[in-house]
Amino acid sequence: MKILVVNAGSSSLKYQLFDMDNEEMLAKGLVERIGISGSRLKQTVGEKRHRVEMPMQDHVEASKQMLNALTDPENGALTSIDEIDAVGHRVLHGGADFTKSTRIDEECLEAIEANIPFGPLHNPANLMGIRACQMVMPAVPMVAAFDTSFHQTMPPKAFLYGVPYKYYKDYKIRRYGFHGTSHRYISKRAAEFLGKNIEELNIITCHLGNGSSMCAVERGKCVDTSMGLTPLEGVLMGTRSGNVDPAVLQFIMNTDGLNPDEMLQMLNKQSGLLGISGISSDMRDVEDAAAKGNHQAQMAIDMLIHGIKKYVGAYAAIMGGADAIVFTGGIGENSPELREQVIDGLDYMGAAIDPDKNCVRGVECDISAKDSRVKVLIIPTNEELVIARDTLAIIKGLKPEA
Ligand code: ADP
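Throughout what follows, the structure given in this document is the object of discussion.

Focus on the environment of valine 342
In step 1: Tracing the chain through its elements places valine 342 in helix H13 (residues 336–343).
In step 2: Using a relative accessible area of 0% as the deciding quantity, one classes valine 342 as buried.
In step 3: Taking C-alpha positions, valine 342 is 31 Å from isoleucine 173, a pair spaced 169 residues apart along the chain.

Okay, here's the thing in structure tokens:
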């Protein structure tokens, strides 16, 4: 069985093709600058690199080029598009409607549409990707995997905001959480790695990349997470502010004469590591600048670490302790310094790192100190593989895992 996984953005389309007989990734590609000048496709199949530059005015054209690249006689991975058994789409916001990945039908498309107000940048793009794939592969079954679905086990005390209840009842204003596919994968993988049943474990998962989120996974179920109605809440991120007292917004809007959209744009795009360091949203640049003595860069890193540590403490408190803390994402997998400082001082809760074991990047491993009661792990995430597995399970008529 061959499954194509698609992640459509407003001007991009990322894809991976899997052979599910052995879960091997056969091809990986990216179409960029869709609908603007300089459209291009880049694809890797093993050692083979394929590049196409041509105008692509919309996602339909991009999807056609994706299929052309996948079936390219020299650089492709398929002889015919008929070999694609199903397509799994990453979708940002499924609201509370979806607790699992689901087969895409009219009802599912309507629900993705209905959740556009909560995912105004991503859901329309995800829909464009789905519709484009449906046009170019009309007979192929499609599945949606939502970033929100793993978090729908949160109890109301964790997902409600302290605003008048009618906003939840009438408008569904609440915490939904994101990166669910990743938190689900790394918590399950952590249990497997430790040789334990996930139902016996309390795990704190830290997905730290351009966007970052934390999750409390109690006996396999999400009981709290740091992102909220949108992916803006929680720890400091590349360009997103994370938690801010809403009164700050009123002050900035009045002072700079900003409207709500402009304010949100600032919180989403000009804040976080970029806004504090004034240098970059990329952790590598910020770490380099800090190492050269840049005060604001160091401050940005300190804020990120402080925020992560607060969530670790909070989640240990609500779960009555933790058995494991898991790091993933570009920063979580690759920054030994950050991991060391997050865990530093957590001896009181039984968590300590072995500095030698921690000197690794991007490999699945246990970095806990010998006597650490709480296991500290690095588990590289693989959201595309989870989406491919869900898609396979659904088209085989099985239920995807919770
Ligand atoms: P996304 O959220 O877009 O999927 P990633 O998970 O790829 O992002 O994470 C990107 C972040 O990971 C960037 O801030 C990048 O600087 C950081 N990162 C990648 N490699 C390293 C590294 N070696 N050391 C520190 N940070 C790294």
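Having seen the structure, we can now continue with the description.
Observations regarding the environment of lysine 100
In step 1: Looking at the element boundaries, lysine 100 is found in the loop between strand S6 (86–91) and strand S7 (102–103).
In step 2: Judged by its relative accessible area of 28%, lysine 100 is partly exposed.
In step 3: When the C-alpha atoms of lysine 100 and arginine 184 are compared, they prove to be 11 Å apart, with 84 residues separating the residues in sequence.

So, the pairing of strand S1 (residues 2–8)
In step 1: Burial analysis of S1 places 5 of its 7 residues in the buried class, which makes it a mostly covered element.
In step 2: In this structure, S1 lies alongside strand S2 (residues 13–19), joined through 7 bridges in antiparallel fashion. Considered in S2, the bridge of leucine 4 is made with leucine 17.
In step 3: Adjacent in sequence and paired antiparallel, S1 and S2 are bridged by 4 residues.

Quick look at the site of the ligand
In step 1: Close to the ligand lie 13 residues, the nearest being Asn210, Asp282, Met283, Arg284 and Gly330.
In step 2: Within the backbone of isoleucine 331, one N or O atom sits 3.3 Å away from an oxygen atom of the ligand.
In step 3: Between asparagine 334 and the ligand, the recorded distance is 3.4 Å, taken from a backbone N or O atom to a nitrogen atom.
In step 4: When the ligand sits alone it has 580 Å² of accessible area, and the protein chains cover 71% of it.
In step 5: Broken down by secondary-structure element, the contributors of at least two residues to the shell around the ligand are helix H10 (283–291) and helix H12 (329–334).

Digging into the packing of helix H2 (residues 106–114) against helix H3 (residues 122–136)
In step 1: Running from N to C, H2 and H3 point in directions that differ by 155°, and their axes come no closer than 9 Å. Compared by their axis directions, H2 and H3 come out roughly antiparallel. Two packed elements cross with a definite hand, and for H2 against H3 that hand is left-handed. In this structure, H2 contributes Leu109, Ile112 and Glu113 to the contact, and H3 contributes Asn123, Leu127, Ile130, Arg131 and Gln134.
In step 2: When the residues that make up the contact of H2 with H3 are grouped by side-chain class, the tally is 4 nonpolar, 2 polar and 2 charged.

Quick word on the sheet that holds strand S14 (residues 375–378)
In step 1: Strand order in the open sheet made by the 6 strands is S11-S10-S9-S12-S14-S13, with mixed pairing throughout. Where the open sheet ends on each side, the last strands, each with one partner, are strand S11 (221–225) and strand S13 (365–366).
In step 2: The pairing of strand S9 (residues 202–208) with strand S12 (residues 324–328) spans 5 bridges and is parallel. The partner of threonine 205 across the bridge, within S12, is valine 326.
In step 3: Along the sheet, H13 contacts S9, S12 and S14; its crossing angle with S12, the most-contacted strand, is approximately 155°.

Considering the side chain of serine 271
In step 1: With respect to the helices and strands, the residue serine 271 is situated in the loop between helix H8 (260–269) and helix H9 (272–277).
In step 2: When residues no more than four places from it in sequence are discounted, the contact partners of serine 271 are Gly238, Thr239, Arg240, Ser241 and Met266.

Let's talk about the pairing of S2
In step 1: Of all 7 residues that make up S2, 6 are buried, and the element is covered over most of its length.
In step 2: Strand direction decides the pairing type here: S2 and strand S3 (residues 24–32), joined by 7 bridges, are antiparallel. In the strand pairing of S3, leucine 13 is matched with valine 31.
In step 3: Adjacent in sequence and paired antiparallel, S2 and S3 are bridged by 4 residues, among which glutamate 23 carries a positive phi angle near 60°.

What counts and how
Residues numbered from 1 in each chain as written. Predicted model: local features only at pLDDT ≥ 70, side-chain atom pairs only at ≥ 80, totals over all residues. Heavy atoms only, no water. Helix = DSSP H or I, 4+ residues; strand = E, 2+ residues; numbered from the N terminus. Buried < 20%, exposed > 50% of the residue type's maximum accessible area, 1.4 Å probe, protein only. Pairing = 2+ DSSP bridges. Near = heavy atom within 4 Å. Polar contact = N/O pair within 3.5 Å; in protein donor to acceptor, adjacent residues only side chain to side chain. Areas by Shrake-Rupley, 256 points an atom, 1.4 Å probe, with all protein chains shown as cover. Axes fitted to C-alpha atoms, helices over the stretch in contact; angles between N-to-C directions. Parallel < 35°, antiparallel > 145°, perpendicular 65-115°, else oblique. Left-handed = near helix turned anticlockwise from the far one by under 90°. Contact = heavy atoms within 4.5 Å. Nonpolar A, V, L, I, M, F, W, Y, C, P; charged D, E, K, R; others polar.

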